[in-house]
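Residues per chain, in single letters:
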Amino acid sequence: MKSLELLIERIILSSRWILVAFYLGLAASLAVYAVSFGYKFYKVAINVFQYEESDMILAILGLIDAALVASLIVMVMISGYENFVSRFDEGEDQVSFLGKLDSGSLKIKVASSIVAISSIHLLQIFLNATQYDNSKLMWFTIIHLAFVVSAVLLGYLEMIMAKAKGNKDA
């Protein structure tokens, strides 16, 4: 019976390598998203003298939004691989934050990124507020506030858990 248990544990632990397919897929999606970013940047660059100030602000916000989404993808890929599949080998090209993104800090960073992305979308919507009716503006705002409240609560819970862990170690 013990050998069956060991076999099951070995299979379960080995199954973590299936996650690599997801991380490689995220890397491919990041490459596709980079092409999309390049196209957005190209449109901004060729229209730089035609855009009104508000249009330029919206275009730049779109580029910032794309950069935040790309950063979120990278953060999830690196941290997920490091936390669930295998540690990265120490090397010259070691990124300074590797190993510092545990699952708790990853949750906080992901929540913060989502709030930042939502903030940019909401700002873009408000800059084009005449295109939306009041009920849609209200719902966009409520959805954004739900993200903000969720991130704050997640941070608060993480702080409580860190304090509880600190008390156990003392």
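Because the structure is a prediction, the values reported are computed rather than measured.

Engineer: Account for the overall build of the protein, naming residues and giving values.
Structural biologist: Secondary structure assignment for the protein yields five helices and zero strands. Element order for the protein, N to C, with α for helix and β for strand: α-α-α-α-α. Here the protein, with 170 residues, has 22% of them falling under the buried criterion. Intrachain contacts of the protein at a sequence separation of at least 6 include 69% that bridge at least 24 residues. As displayed, the protein offers around 12100 Å² of accessible surface, 68% of which is attributable to carbon and sulfur atoms.

Engineer: Would you mind going over the confidence of the model for the protein in detail, with residue names and values included?
Structural biologist: Of the residues in the protein, 89% reach a pLDDT of 70 or more, and the chain-wide mean stands at 87. Here helix α4 (residues 103-127) stands out as the least confident element of the protein, with mean pLDDT 85; helix α2 (residues 19-46) is the most confident, with 96.

Engineer: Which residues make up the environment of S150, and what are the values?
Structural biologist: With respect to the helices, strands and loops of the structure, S150 is situated in helix α5 (residues 134-169). Accessibility expressed as a relative area gives 46% for S150, which makes it partly exposed.

Engineer: Pulling in residues and values, what's your account of the packing of aromatic side chains?
Structural biologist: Per the counting criterion, the structure on display carries two aromatic pairs. Ring plane angle 90° and centroid distance 5.6 Å describe the contact between Y132 and F140, whose orientation is recorded as edge-to-face. Judged by relative accessible area, which is 28%, Y132 ranks as partly exposed. The exposure class of F140 is partly exposed, given its relative accessible area of 29%.

Engineer: Which residues make up a nonpolar patch on the surface, and what values go with them?
Structural biologist: A cluster of nonpolar side chains, M1, L4, L7, I8, I11 and I12, forms an exposed patch at the surface whose accessible area comes to about 660 Å². Positionally, L7 belongs in helix α1 (residues 2-14). The partly exposed category is assigned to L7, whose relative accessible area is 44%.

Engineer: Describe α2, listing the residues and the values that go with them.
Structural biologist: Its 28 residues place the ends of α2 41 Å apart at the C-alpha level, agreeing with the 40 Å of an ideal helix rising 1.5 Å per residue. For α2, the complete set of buried residues consists of Y23, L30 and V44. Among the structural elements, α3 (53-84) are those in contact with the buried residues of α2.

Criteria and cut-off values
Residues numbered from 1 in each chain as written. Predicted model: local features only at pLDDT ≥ 70, side-chain atom pairs only at ≥ 80, totals over all residues. Heavy atoms only, no water. Helix = DSSP H or I, 4+ residues; strand = E, 2+ residues; numbered from the N terminus. Buried < 20%, exposed > 50% of the residue type's maximum accessible area, 1.4 Å probe, protein only. Contact = heavy atoms within 4.5 Å. Areas by Shrake-Rupley, 256 points an atom, 1.4 Å probe, with all protein chains shown as cover. pLDDT = per-residue confidence, 0-100. Phe/Tyr/Trp six-rings, centres within 6.5 Å; stacked < 30°, edge-to-face > 60°. Patch = residues over 30% accessible without salt bridge, like charges linked within 9 Å, V, L, I, M, F, W, Y side chains within 5 Å. Salt bridge = Lys/Arg side-chain N within 4 Å of Asp/Glu carboxyl O. Expected span 1.5 Å × (residues − 1).

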